[in-house]
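The primary structure of each chain is shown beneath.
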Amino acid sequence: MAPPRRKTEAPGDFPWWLAAFGVLCLGLAAVIAFNDLYAQVFGVVVKGIGITIGVTLAAFSLATALGLGIALAGLSDSLLLRQIARFYVELIRGIPILVLLFYIAFVGAPGFVALWNWALTPLIERGWAATLLVRDLSLLSRAVIALMIGYAAFIAEIFRAGFQSVDEGQNEAAKALGFTRFQRFRLIVFPQAMRVIFPPLSNDFVAMVKDSSLVSVLGIADITQMAKVYAAGSFRFFETYSIVTYIYLLLTIGLSLALRGIEHRMRRRIER
């Protein structure tokens, strides 16, 4: 007998929270439209939305690729790869993202430059390569790398749990049919694991949108940094940070709803 299907919402459960949020957003949109001060604040702060979205997409894409590689290393037959993957995950998960940002920006970047110049010393002396300077590594790239490194540890654990959720018997059956290791992973393990991987992975994506605000500590002109600069010059802290909160809520809740819709479509496709 098949287990009963779990219901996430009761029948007829109207999303009143979403209706309340919609009313709140419309009210704030009306304030921005008819109040010159709020309109001015919104015009300044919204200039940083491109940086926020760009940092989020770049860092999360790189973190997903790195996290997948770490997860596969952690599940490999090699003891060395498994230990390296475990070391990375446990080490990075113990460092706050803000501390990691500062470390990569002001310790990791100079260390990388020094190592790069040392490795290319013969080429630099012959004029075949130029000396790399710390200022050649933009703060934006350092911030993206720091977020990538930090989130990859958590994403690796999501992938690992998803892969291990697939019944081993299916893998063995595919092996008996002559499937290669890559074919078993691509055709058997990965499609089924995505049911487990997608929900927490989408949550991390939404969290990345919020954590991208941390790049403002490096002076990068994202939404938060634009707000900090405006509020410091105008002393309009209430208006400025109300607008910032409004923009982040639009981004995160809108993204959460879109990802939830994708998750529901995936679940319906599987149930068929």
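See the structure printed just above.
A brief structural summary. Predicted model, so just to flag it, every value in this text is computed and none were measured.

Cut-offs applied
Here the residue index of a chain counts from 1 through its sequence in written order. Local features in this predicted model are restricted to residues of pLDDT 70 or higher, and side-chain atom pairs are both shown and tallied only at a pLDDT of 80 or more, whereas totals for entire chains, interfaces and linings draw on every residue. Excluding hydrogens and water, the side-chain figures rest on all heavy atoms present in the structure. Numbering of helices and strands runs from the N terminus; a helix is a DSSP stretch of H or I covering at least four residues, while a strand is a stretch of E covering at least two. The globule rule is 2.2 Å times the number of residues to the power 0.38, and the radius of gyration it is compared with is taken over C-alpha atoms. Categorising residues by exposure relies on relative accessible area from a 1.4 Å probe, with only protein chains included: less than 20% of the type maximum marks a residue as buried, more than 50% marks it as exposed, and the intermediate range marks it as partly exposed. To define axes, lines are fitted to C-alpha atoms, for helices over the stretch in contact only, and angles between the resulting N-to-C directions are given on a 0 to 180 degree scale. For classification, angles of less than 35 degrees are called roughly parallel, those exceeding 145 degrees roughly antiparallel, those between 65 and 115 degrees roughly perpendicular, and all remaining angles oblique. Left-handed describes a crossing in which the near helix is turned anticlockwise from the far one by less than a right angle; the clockwise case is right-handed. Residue contacts are counted whenever heavy atoms from the two residues lie within 4.5 Å of one another. When residues are sorted by character, Ala, Val, Leu, Ile, Met, Phe, Trp, Tyr, Cys and Pro go into the nonpolar class, Asp, Glu, Lys and Arg into the charged class, and all the rest, Gly among them, into the polar class. Salt-bridge detection follows one rule: a side-chain nitrogen of Lys or Arg within 4 Å of a carboxyl oxygen of Asp or Glu. Axes are fitted to the seven residues ending at a residue and to the seven starting at it; the angle between these axes is taken as the bend at that residue. Only residues whose relative accessible area exceeds 30% and that form no salt bridge enter a patch; like-charged residues are grouped when within 9 Å of one another, and nonpolar side chains (Val, Leu, Ile, Met, Phe, Trp, Tyr) when within 5 Å. To measure how exposed things are, a 1.4 Å probe is used in the Shrake-Rupley method; for residues, cover is taken only from the protein chains shown. Only Phe, Tyr and Trp rings take part, Trp by its six-membered ring, and two of them pair if their centres are within 6.5 Å. Stacked means planes under 30 degrees apart, edge-to-face means over 60, and tilted covers everything else.

**Observations concerning the overall build of the protein chain**
Each helix and strand counted, the protein chain has 11 helices and 0 strands in total. Moving toward the C terminus, one meets the helices and strands of the protein chain in the order α-α-α-α-α-α-α-α-α-α-α. What you see for the protein chain is a C-alpha radius of gyration of 23 Å, clearly larger than the 19 Å of a compact globule of 272 residues, by over 25%. Seen through its principal axes, the protein chain has C-alpha atoms that stretch 75 × 70 × 30 Å. Counting the 272 residues in the protein chain, one finds 34% classified as buried.

**Quick notes on the environment of Gln83**
Tracing the backbone through its elements, the reader meets Gln83 in helix H4 (residues 79-93). The class for Gln83 is partly exposed, based on a relative accessible area of 48%. Put simply, Gln83 and Gln170 are 87 residues apart on the chain and 27 Å apart in space, counted from C-alpha to C-alpha.

**Some words on the packing of helix H3 (residues 49-74) against H4**
Look at H3 against H4: their axes get within 7 Å of each other, and the N-to-C directions meet at 135°. Classed by the angle they form, the pair H3 and H4 counts as oblique. Considering the relative orientation of H3 and H4, their crossing is left-handed. Facing Leu66, Ile70, Ala73 and Gly74 of H3, the residues of H4 in contact are Leu81, Arg82, Ala85, Tyr88 and Val89. For the contact of H3 with H4, the residue count by class is 7 nonpolar, 1 polar and 1 charged.

**Side note on the environment of Gly67**
Note on placement: Gly67 falls in helix H3. Distance from Gly67 to Arg93, taken between C-alpha atoms, is 12 Å for residues 26 residues apart in sequence. Beyond its immediate stretch of four places on either side in the chain, Gly67 contacts Ala152, Ile155, Ala156 and Phe159.

**Describing the packing of H3 against helix H9 (residues 181-211)**
In a packed pair of helices, the relevant descriptors are the angle between the two axes and the axis-to-axis distance. The geometry of H3 relative to H9 is characterised by a closest axis approach of 12 Å and an angle of 140° between their N-to-C directions. On the basis of their axis angle, the class for H3 and H9 is oblique. H3 and H9 meet at a crossing whose hand is right-handed. Mapping the contact onto sequence places Thr52, Thr56, Leu57, Ala59, Phe60 and Leu72 in H3 and Phe185, Leu201, Asp204, Phe205, Met208 and Val209 in H9. Split into classes, the residues belonging to the contact of H3 with H9 amount to 9 nonpolar, 2 polar and 1 charged.

**Some details on the pattern of salt bridges**
Within the structure shown, the criterion is met by 5 salt bridges. Among the salt bridges present, the one from Glu90 reaches Arg86, with a minimum N-O distance of 2.8 Å. Taken together, the positions of Glu90 and Arg86, both in helix H4 and 4 residues apart, correspond to about one turn of that helix. Its salt-bridge partner being Glu157, residue Arg160 comes within 3.2 Å of it at the nearest N-O pair. Taken together, the residues Arg160 and Glu157, both in helix H7 (residues 139-164) and 3 residues apart, mark about one turn of the helix. By relative accessible area, which is 26% here, Arg160 ends up partly exposed. Each of the salt bridges in this network shares a partner with another, and the network as a whole consists of Arg86, Glu90, Arg93, Glu157 and Arg160.

**Looking at unusual backbone geometry**
A positive phi angle, near 60°, is found at Phe235, a position not held by glycine. Mapped onto the fold, Phe235 is located in the loop between helix H10 (223-234) and helix H11 (237-271).

**Focus on helix H5 (residues 97-119)**
For the α-helix, the turn length of 3.6 residues means that residues three or four positions removed from each other point alike. The sharpest bend along H5 comes to roughly 40°, located at Ile104. Along H5, the residues that are buried comprise Ile97, Leu100, Leu101, Ile104, Ala105, Ala109, Val113 and Asn117. The elements touched by buried residues of H5 are H4, helix H6 (121-125) and H7.

**Some details on a nonpolar patch on the surface**
Together, Leu98, Phe102, Tyr103, Phe106, Val107, Leu139 and Val217 give the surface a local cluster of nonpolar side chains, amounting to about 590 Å² of exposed area. If one sorts the elements of the nonpolar patch by residue count, H5 sits on top with 5 residues. Relative to the elements of secondary structure, Val107 occurs in helix H5.

**Overview of the packing of aromatic side chains**
For the structure on display, the rule yields 8 aromatic pairs. With a centroid separation of 6.3 Å and 45° between ring planes, the pair formed by Phe163 and Phe190 is classed as tilted. Of this pair, Phe163 sits in helix H7 while Phe190 sits in helix H9, and the two are 27 residues apart along the sequence. An angle of 50° between the planes, with centres 5.7 Å apart, marks the rings of Phe185 and Phe190 as tilted. Ring pairs connect the aromatic residues Phe159, Phe163, Phe185 and Phe190, which therefore count as one cluster.

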